[in-house]
Amino acid sequence: MHISDLVSISLELLACVERSSQRNIYFILFYFHRSGRTALHHAAANGHAECIKVLLAADASTGWSDRRGESPLHCAVTRGSKLCATVLIENDKDCVKVANREGNHPLQLAIAHKQFECIDVILKGRSINEKGLCGNNETPLHTAARYGCLECVPILLDKGMELRATNETGMSILHTAAFYDQTTFIVGILKGGGGLDPNGTDNFGRTPLHYAALGRAGNAIQALLNYNATCDRVDDMGVPPILYALKTPFSASSSKPSDVLASNWSFALQLLNSGCSLFHRDEEGNTAMHLIVHLYSVASVLDCVDAVPAAVEGNFVKLENGSLSSSGPSIPSSSSISSSPTPSPTSAVPQVPKHSGLAELVAEIGKHHHTSQMAQNFRGMTPLSLAVRFQSLHDEWGTPVDQKAHSARMQRLIRFLVECGGDPYFANVAGESAISFAAVEGNVSGIGMLLQGAKPDASQIGLSSPLHSVANAKLLSRAHVECVRYLGRIPAFLTVVKNGHTVGEAFDQRLNGSEGEQKSFLIQCRAVLRSYKCA
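Residues numbered from 1 in each chain as written. Predicted model: local features only at pLDDT ≥ 70, side-chain atom pairs only at ≥ 80, totals over all residues. Heavy atoms only, no water.

Another aspect to go through is the overall build of the protein chain. Helices and strands together make up the secondary structure of the protein chain, namely 31 helices and zero strands. Counting the 535 residues in the protein chain, one finds 54% classified as buried. Long-range pairs, those at least 24 residues apart, make up 73% of the contacts in the protein chain between residues at least 6 apart in sequence. (Helix = DSSP H or I, 4+ residues; strand = E, 2+ residues; numbered from the N terminus. Buried < 20%, exposed > 50% of the residue type's maximum accessible area, 1.4 Å probe, protein only. Contact = heavy atoms within 4.5 Å.)

Structure representation (structure tokens):
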């Protein structure tokens, strides 16, 4: 047994050491256990105040830290030893300002472990607002909020803390409690009537509801909504809580991505059922619909579609045999969609009824802004364009677990979006549309799904010919030849002139300078076009 272990067990070891034997004292004093703890750490951790006095008299330092960065005072506070904490602080008043590797000071550990006597000892003769008592950009009240220690609040208020105190970034204790999903703390503070506003903002314009969404804190979301938190308040970047709730906060190597995806859906539905708007954007210009498409594609790539609510996947499947009329809002016809006025940013934003699943949400969005500029993110991608692109690839998550199953699932989503009013020919400023994205990827099944409705005319296509997209594809394959064969059947695609080039000229220009397999595919594409009388 190591001598430092013996010190932590019994006082007799020090009692038997002759005071004149400095060698023995120093052997105990400077021995470090494999955990990095000294005899002083062990004495503090086991409540041996008399041991601590002897070691301090022999010049032991209260500033020594173990491998976790914890000082002897951290150990004493964690145990709840008032006597040990008193001895250490009397020896060195500044030892209360030492942080461990997690950034926590002794006062924060006392609050986290609800060691009320140790709180009194640390704050004796000090102002609670003294700098250096807390780390991690917190006040003592914020630490209580982080750990959900509601019992510490009256103690800290009696010591001079203000309930409305904020940290350096303007966060109130409600912001902190919301992020860490401390529901009991939130309810206790709001029910106590201390004047804290559930819609108060920090320096970034974020409310507690924003932080609950960022922290994946479903219980906190509901608690705040119960106390009239506004679900549509946007932060300084114009982003509401629902868009944070819909983002995936894990990497492809996460152990349980299905759990995270399920929580994403759940949090979004909580906010939707509280009447939040669907037409705000995040910092990349994505609407809720963009993020829903992204979430579904991630679930499909990682083979976690079981994390998607049954109402969503079930309604996608139902589209194979009919419409959504039996399970959700009626889907408007293409004629009624085209005649619907496009909502402007200044017009009243339509609200959505309560949802039993995200399928109804998709249908509602399709009614209101299928061709609006609001449907594009800042990269010019519509939700339909994203779905088409994610059918073939997914940059962020790599190769799908089952490519065939993934493609089939995304086909259902694409068809669903088209049925809900998504426009395959709606192009961004670069002339890219959902159907052109499918053509560039050689996605024959995607093109087939997009062309299920009425054949387009020249006025719908504009400058966005998918055949030009095939001609400009970086790497051609047999799939691209099949795309040309499919698209060439529609006369409107053959007559588009883009950047001064007809479809035939675009292929001829690409053919010049090509060689090998790429040249062979281009020749085949050109032969198909000639069969459709496209010179």
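In this section: the nonpolar core. Among the nonpolar cores identified, the biggest contains 134 residues, and Ile52, Ile186, Leu271 and Phe507 are the most heavily contacted of them. Broken down by element, this core gets its largest block of residues, 10 residues, from helix H18 (residues 288–301). Excluding residues that lie within four positions of it along the chain, Phe507 makes contacts with Leu467, Val470, Ala471, Val484, Leu522, Cys525, Arg526 and Leu529. (Core = buried A, V, L, I, M, F, W, Y, C linked by side-chain atoms within 4.5 Å.)

Let's shift gears to unusual backbone geometry. We note that Asp181 has phi near 60°; this positive angle belongs to a residue other than glycine. Along the polypeptide, Asp181 turns up in the loop between helix H12 (173–179) and helix H13 (183–191). Given the relative accessible area of 26%, Asp181 is considered partly exposed. Here Lys533, not a glycine, exhibits a phi torsion of approximately 60°, which is positive. For Lys533, a relative accessible area of 77% corresponds to the exposed category.

Taken as a whole and assessed by the stated rule, the structure comprises 14 salt bridges. A salt bridge links Arg68 to Glu70; the nearest nitrogen and oxygen atoms lie 3.6 Å apart. In this structure Arg68 comes out as exposed when scored by relative accessible area, which is 51%. On the basis of relative accessibility, which here comes to 10%, the residue Glu70 falls in the buried class. If you follow the salt bridges from partner to partner, you end up with Arg37, Asp66, Arg68 and Glu70 in one network. (Salt bridge = Lys/Arg side-chain N within 4 Å of Asp/Glu carboxyl O.)

Let us now look at the packing of helix H28 (residues 478–487) against helix H31 (residues 516–531). For the pair H28 and H31, the least separation of the axes is 9 Å and the interaxial angle reads 10°. Comparing the axis directions of H28 and H31 gives the class roughly parallel. Listed contacts from H31 to Arg478, His480, Val481, Val484 and Arg485 of H28 are Phe521, Gln524, Cys525, Val528 and Leu529. Residues that form the contact of H28 with H31 fall into these classes: six nonpolar, two polar and two charged. (Axes fitted to C-alpha atoms, helices over the stretch in contact; angles between N-to-C directions. Parallel < 35°, antiparallel > 145°, perpendicular 65-115°, else oblique. Nonpolar A, V, L, I, M, F, W, Y, C, P; charged D, E, K, R; others polar.)

Residues with a pLDDT of 70 or more make up 74% of the protein chain, whose mean pLDDT is 78. The model gives residues 369–374 a pLDDT under 50, and that stretch makes 23 contacts with residues more than four places away or in other chains. (pLDDT = per-residue confidence, 0-100.)

Turning next to the side chain of Arg206. For Arg206, the location among the structural elements is in the loop between H13 and helix H14 (208–214). With residues near it in sequence (within four places) discarded, Arg206 still touches His175, Gly200, Thr201, Tyr211, Leu214, Asp235, Met237 and Tyr244.

As a further point, take the environment of Val444. Along the chain, the position of Val444 falls in helix H25 (residues 444–450). Relative accessible area serves as the criterion here: at 28%, Val444 is assigned to the partly exposed category. Considering only alpha carbons, one finds Val444 and Val484, 40 residues apart in sequence, at a separation of 9.3 Å. Among residues more than four places away in sequence, those in contact with Val444 are Ala479, Glu482, Cys483 and Tyr486.

On to the packing of H18 against helix H22 (residues 383–392), then. As a packed pair, H18 and H22 sit with axes 9 Å apart at the nearest point and diverge in direction by 15°. On the basis of the axis angle, H18 is roughly parallel to H22. Relative to H22, the crossing made by H18 is right-handed. Of H22, the residues touching H18 (which contributes Met289, His290, Val293, His294 and Ser297) are Pro383, Leu386, Ala387 and Phe390. (Left-handed = near helix turned anticlockwise from the far one by under 90°.)

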